[in-house]
Amino acid sequence: MRNLIDITDLTTEEIDQLIATAEDIIDRPEAYAQVCRGKQLATLFFEPSTRTRLSFESAMLALGGQTLGFSEAMSSSTAKGETVADTIHTVSCYADIIAMRHPKEGAPFAASLRSEVPIINAGDGGHNHPTQTLTDLLTIHREKGRLNGFTIGFCGDLKFGRTVHSLVNALSRETGIKFVFISPEELKLPDYLKENVLERNGLLYEETASLEEAMPQLDILYMTRVQKERFFNEADYIRLKDTYVLDPEKLVPAKEDLCILHPLPRVNEITVSVDDDPRACYWKQVKNGKYIRMALIMKLLGLKA
Amino acid sequence: MRNLIDITDLTTEEIDQLIATAEDIIDRPEAYAQVCRGKQLATLFFEPSTRTRLSFESAMLALGGQTLGFSEAMSSSTAKGETVADTIHTVSCYADIIAMRHPKEGAPFAASLRSEVPIINAGDGGHNHPTQTLTDLLTIHREKGRLNGFTIGFCGDLKFGRTVHSLVNALSRETGIKFVFISPEELKLPDYLKENVLERNGLLYEETASLEEAMPQLDILYMTRVQKERFFNEADYIRLKDTYVLDPEKLVPAKEDLCILHPLPRVNEITVSVDDDPRACYWKQVKNGKYIRMALIMKLLGLKA
Amino acid sequence: MRNLIDITDLTTEEIDQLIATAEDIIDRPEAYAQVCRGKQLATLFFEPSTRTRLSFESAMLALGGQTLGFSEAMSSSTAKGETVADTIHTVSCYADIIAMRHPKEGAPFAASLRSEVPIINAGDGGHNHPTQTLTDLLTIHREKGRLNGFTIGFCGDLKFGRTVHSLVNALSRETGIKFVFISPEELKLPDYLKENVLERNGLLYEETASLEEAMPQLDILYMTRVQKERFFNEADYIRLKDTYVLDPEKLVPAKEDLCILHPLPRVNEITVSVDDDPRACYWKQVKNGKYIRMALIMKLLGLKA
């Protein structure tokens with residue numbers, strides 16, 4: 001039995017297969033419409049995340065499966081003092097596969113030890129969110145035709161943004177990628193990622209505080225939210241926040257085939273006017289999130305079209 | 001692509017077609033049991049409304065489709081500062097059609113501008129609730145065999161009751177209808193409806209404070225809740241509330257084929273003892289709400305039996 | 001039309017039939033996978049109970065049916081002052097069968113009077129929870145091959161534990177059962193059960209405060225939670241609580257074919273290390289809860305495989 005707790009649980013070959021399956025689903029959805037007939041996905045969200053939960057549920061339904069679950073941790077059993085492991089064990093007696101989000105890091109791993117069915121980590125605290133990373137990889141593959149040989153910029157909060165860390169990790173296993181990290185001093189990528197992941201793998205990277213300077217060389221731009229509460233003082237926040245807001249003007253020097261990504265939700269770090277630019281790929285990314293989850297559910301259940 | 005935001009988005013011909021489809025569904029449900037196979041309805045309720053949400057979900061399931069969604073606005077994305085338009089855009093990347101309720105007037109319309117799939121307004125503040133109006137029209141049609149040539153009384157809170165305003169609007173496009181508005185002075189139908197809708201269309205109407213006087217002439221009686229908080233002072237409320245409580249005694253002078261409607265939920269404005277009177281049509285109305293929503297979902301998705 | 005409000009609504013013959021159906025479902029699940037096609041189960045939980053709700057939903061989905069409902073009583077209709085009977089009546093206009101949990105004793109019975117479809121009581125306050133009892137009976141039958149001729153111990157809170165009361169009631173209709181009630185003085189089985197149920201039926205029973213002394217003679221041990229708030233003072237709680245914690249050491253003198261049951265959730269009254277003992281049957285019990293609910297839904301809807 002397989003789980004997906006961390007993106008590195010999957011080999012690059014497995015990721016390539018998932019992407020291939022997802023792309024086949026996009027081309028021939030009807031071939032997959034009954035693959036999960038009679039199967040049940042439980043979405044157990046101990047903290048709310050409408051976007052991720054609905055993406056999983058929609059994926060399962062599009063495979064002909066069924067869904068059940070809860071969307072916040074007010075479950076009476078937890079209130080009665082039940083452990084998360086027992087709750088998961090219980091639901092694993094009903095459902096065929098579980099997608100689980102929990103505010104505590106490591107909770108999905110702990111749960112997987114007592115579950116009788118595969119567990120997918122749908123986000124654990126600031127730690128892992130592997131299906132977001134798979135979504136990002138599928139989108140890059142569809143837009144660029146490959147997962148290597150490009151320059152990718154990450155912009156915004158690179159210190160706390162788990163989607164950034166996870167994607168950097170995943171891409172570090174590919175070749176010919178140049179990373180550009182665009183952030184204020186306070187929100188730079190953690191050293192352990194630079195040292196243990198990038199440098200160890202001999203990957204090129206640059207760090208800059210200027211989105212405008214970085215823009216011309218980018219093939220892919222991965223935007224993230226800059227959250228006010230990450231700053232030490234309001235003055236710094238106000239000084240910096242507009243620097244990292246993507247608008248049509250900042251896109252003037254960008255490549256014609258730039259691919260703009262964002263894990264969403266956005267607050268104001270990409271203006272709505274960018275949505276109509278053909279380089280804006282974040283709505284495609286939302287759709288890809290459904291398709292890659294369909295591929296993942298099939299893989300973990302051992303099902304084929 | 002079509003949305004249903006306001007009842008006037010539909011022509012009277014379209015309403016007639018929806019009613020005809022709903023009546024065919026009632027007669028031959030099995031012919032519709034697979035119409036929405038492989039389709040997903042998202043019910044996005046930014047404020048709770050169990051009755052309306054379950055009616056939509058039951059309708060979609062009875063068409064062989066699937067449902068997903070949320071039932072209150074605690075969604076983390078909204079909490080993270082996402083706009084309603086972005087939330088709807090996201091869900092429209094997953095689902096085939098969206099039924100949406102929001103406390104703010106105009107939110108469904110704003111959302112429909114960014115949605116990739118049809119939006120049904122399932123209630124926006126005190127503003128519109130077009131599927132309730134369709135439910136009322138279907139029920140009148142089934143009970144009377146037509147949408148014109150009758151005397152209809154509206155009783156209770158005619159000032160704030162959006163279901164009343166919407167049904168008056170819809171019926172004002174038909175012919176040969178006489179309206180009787182029964183309410184305390186404080187809760188009379190707004191002037192703009194009398195002037196712009198009724199008088200402009202040359203429709204007959206009366207206003208009275210007495211349900212008992214109005215009763216004998218009515219073919220249809222549309223009851224509504226009189227909410228305590230609508231009154232300026234408690235004395236007025238106590239003086240008036242019982243006047244507008246329908247009980248078996250008040251029904252003595254009523255026609256034998258009177259059709260009693262209520263959008264529900266009721267508090268005490270119709271006593272439970274009226275439920276067993278064959279003229280009480282409000283439980284049939286609840287069932288009709290499911291059938292008309294089935295017809296509407298099919299229409300907006302362009303599907304036929 | 002049949003409802004299940006109290007376990008005594010079912011004859012012992014009907015319980016035997018439900019157990020037989022459930023065991024056939026376990027053996028041949030595919031024969032039941034479409035039995036409820038086109039049918040809808042509403043799960044109306046006026047207080048949260050994730051475990052019970054998901055068990056019902058999973059059961060209905062495994063029968064090829066569909067589910068809808070709510071998981072807490074924040075429903076706007078109730079907030080607007082609607083009675084539970086009206087809420088149930090409304091939902092009974094949409095769904096084919098209703099599983100309902102409510103904090104007030106008697107609410108499911110009251111609701112059943114106005115419902116147009118069968119009602120299953122999924123727990124009403126401290127009163128009844130008949131599908132838990134059916135679950136317990138199925139598990140005993142599967143583990144022992146019969147519902148009679150054994151010694152069963154009930155341990156923990158026997159005063160307030162409704163699952164204990166209900167199972168004692170159900171087993172009192174069988175023959176050749178010896179009951180052993182293991183609890184602190186404060187939490188003994190109520191006299192009315194001893195007098196009206198056990199003694200009236202001429203059943204053997206013992207009472208003891210010592211789990212260790214009782215252990216060797218037991219064929220079945222039914223553990224329950226001992227809730228701190230049941231004690232008059234903390235000193236008593238601390239003195240007593242460990243006495244009723246089942247761990248591997250306490251199991252040393254137990255029979256080799258002892259069957260350990262627990263309605264779950266557990267807090268710490270069974271240590272996790274017991275889970276791997278082959279005599280621990282409480283996870284099987286969870287699975288059996290799904291199968292017996294499948295059998296019950298079929299019975300109340302009048303459906304056969």
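Cut-offs and rules
Residue positions are given per chain, counted from 1 along the sequence in the order it is written. Whichever chain is written first becomes A and whichever ligand is written first becomes 1, with later ones labelled in order. Only residues with pLDDT of at least 70 get local features here, since the model is predicted, and only at 80 or more are side-chain atom pairs given and counted; chain-wide, interface and lining totals rely on the full set of residues. Each side-chain value is worked out from all heavy atoms of the structure, with water and hydrogens disregarded. UniProt positions are given in the numbering used here, feature names are shortened, and annotations may be inferred rather than shown by experiment. Helical segments are the DSSP runs of H or I of at least four residues, strand segments are the runs of E of at least two, and each set is numbered from the N terminus. Each residue is placed in one exposure class: buried if its accessible area under a 1.4 Å probe, protein chains only, is under 20% of its type's maximum, exposed if it is over 50%, and partly exposed if it falls in between. Contacts between residues were defined by any pair of non-hydrogen atoms, one from each residue, lying within 4.5 Å. Salt bridges are defined by distance alone: a side-chain nitrogen of Lys or Arg within 4 Å of a carboxyl oxygen of Asp or Glu. We superpose the copies by least squares over the C-alpha atoms of residues that have a pLDDT of at least 70 in both of them. Stacked, tilted and edge-to-face pairs are distinguished by plane angle, under 30 degrees for stacked and over 60 for edge-to-face with tilted covering the rest, among Phe, Tyr and Trp rings (Trp via its six-membered ring) whose centres lie within 6.5 Å. Source of the domain bounds: an automatic or database domain assignment. Buried area: the accessible surface (1.4 Å probe) lost by two parts on joining, summed over both. Each polar contact in these results corresponds to two N or O atoms within 3.5 Å; when the atoms are within protein, one needs to be able to donate a hydrogen and the other to accept it, and residues that are neighboring in sequence are counted only if both atoms are side-chain atoms. Pairing between strands requires that DSSP locate at least two bridges from one strand to the other. Lines fitted to the C-alpha atoms define the axes, with helices restricted to the stretch that makes contact. Angles between their N-to-C directions range from 0 to 180 degrees.

1. Some details on the UniProt feature "binding site: L-aspartate" (unreviewed entry) in chain A
Residue and element names in this part refer to chain A.
For step 1, the next point in the chain: This chain's UniProt record puts "binding site: L-aspartate" (unreviewed entry) on Lys 80, Arg 162 and Arg 225. Their sequence span is 146 residues, while the largest C-alpha to C-alpha distance among them is 36.5 Å; these annotated residues do not converge on one region.
For step 2, the next point in the chain: With respect to the helices and strands, Arg 162 occurs in helix 7 (residues 162–171).
For step 3, the next point in the chain: Using a relative accessible area of 16% as the deciding quantity, one classes Arg 162 as buried.
For step 4, the next point in the chain: Setting aside residues up to four positions removed in sequence, Arg 162 forms contacts with Arg 101, Gly 123, Asp 124, Gly 125, Gly 126, His 127, Asn 128 and His 129.

2. So, the pattern of salt bridges
Residue and element names in this part refer to chain B.
For step 1, the next point in the chain: According to the stated counting rule, one finds 60 salt bridges over all chains in the structure shown.
For step 2, the next point in the chain: Residue Asp 191 pairs with Lys 194 through a salt bridge whose shortest N-O separation is 3.5 Å. With Asp 191 and Lys 194 both in helix 8 (residues 191–199), this residue pair falls three residues apart, about one helical turn.
For step 3, the next point in the chain: The exposure class assigned to Asp 191 is partly exposed, which follows from its relative accessible area of 49%.

3. Here's the deal with the relation of the copies chain B and chain C
For step 1, the next point in the chain: The two copies are related by a screw motion: chain B maps onto chain C through a turn of 120° and a shift of 0.0 Å along the axis, at an RMSD of 0.0 Å. The transformation just described matches what one would write down for a three-fold rotation axis. Every residue of chain B has its C-alpha some distance from the rotation axis, and the shortest such distance is that of Gln 66 of chain B, at 5.1 Å.

4. A look at the packing of aromatic side chains
To describe a pair of aromatic rings, one takes the distance between the centres and the angle between the planes.
Residues and elements named next belong to chain A.
For step 1, the next point in the chain: Tallied over the entire structure, the rule returns 21 aromatic pairs over all chains.
For step 2, the next point in the chain: For the ring pair Phe 154 and Tyr 222, a centre distance of 5.5 Å and an interplane angle of 45° mean the geometry is tilted. Linking Phe 154 in strand 5 (residues 150–155) with Tyr 222 in strand 8 (residues 220–223), this pair joins segments that are 68 residues apart in sequence. Each member of the pair Phe 154 and Tyr 222 is classed as buried.

5. Side note on the side chain of Gln 132 of chain A
For step 1, the next point in the chain: By the secondary structure assignment, Gln 132 of chain A is in helix 6 (residues 130–144).
For step 2, the next point in the chain: Apart from residues no more than four positions distant in its own chain, Gln 132 of chain A is found in contact with Thr 163, Tyr 222, Pro 263, Gln 285 and Arg 293 of chain A.

6. Considerations on the domain arrangement of chain A
Residue and element names in this part refer to chain A.
For step 1, the next point in the chain: Partitioning chain A into structural domains gives domain 1 (7–128 + 286–301) and domain 2 (131–284).
For step 2, the next point in the chain: Its C-alpha centre places domain 1 at a distance of 26 Å from the equivalent point of domain 2.
For step 3, the next point in the chain: Contacts between the two partners involve 30 residues from domain 1 and, on the opposite side, 22 residues from domain 2.
For step 4, the next point in the chain: Contact between domain 1 and domain 2 buries roughly 2,200 Å² in total, counting both sides, with carbon and sulfur atoms accounting for 59%.
For step 5, the next point in the chain: Together, Ile 7, Val 286 and Asn 288 form the three largest contributors to the area buried by domain 1 at its contact with domain 2, with a combined 26%.

7. A word on the environment of Thr 139 of chain C
Residues and elements named next belong to chain C.
For step 1, the next point in the chain: Tracing the backbone shows Thr 139 in helix 6 (residues 130–144).
For step 2, the next point in the chain: Remark: the alpha-carbon pair of Thr 139 and Leu 189, spanning 50 residues in sequence, is separated by 23 Å.
For step 3, the next point in the chain: If we skip the residues at most four places from it in the chain, Thr 139 touches Leu 261, Cys 281, Gln 285 and Asn 288.

8. Focus: the interface of chain B and chain A
For step 1, the next point in the chain: The partner chain A presents 28 residues to the 24 residues of chain B that form the contact.
For step 2, the next point in the chain: Of the roughly 2,300 Å² buried between chain B and chain A, counting both surfaces, carbon and sulfur atoms make up 51%.
For step 3, the next point in the chain: Applying the counting criterion to the chain B and chain A interface returns four salt bridges.
For step 4, the next point in the chain: The residue Glu 82 of chain B makes a salt bridge to Arg 51 of chain A at a minimum N-O spacing of 2.2 Å.
For step 5, the next point in the chain: Seen at the junction of chain B and chain A, the total is ten residue pairs in polar contact (both at pLDDT 80 or more).
For step 6, the next point in the chain: Mapped onto the side of chain B that touches chain A, the elements with two or more residues apiece are strand 1 (40–45), strand 2 (66–70), helix 3 (76–79) and helix 4 (84–92) of chain B.
For step 7, the next point in the chain: Per-element tally for the side of chain B that touches chain A: the top contributor is strand 2 of chain B, with five residues.

9. What to know about the sheet that holds strand 4 (residues 119–124) of chain A
Residue and element names in this part refer to chain A.
For step 1, the next point in the chain: If you walk across this open sheet you meet the four strands as 2-1-3-4, and the pairing is parallel. Of all the strands in the sheet, the pair left with one neighbour each is strand 2 (66–70) and strand 4. Taking the axes of each pair of neighbouring strands and ignoring which way they run, one obtains an average angle of 15° across the sheet.
For step 2, the next point in the chain: Alignment of strand 3 (residues 97–102) against strand 4, held across four bridges, turns out to be parallel. By the bridge assignment, Ile 98 is partnered in strand 4 with Ile 119.

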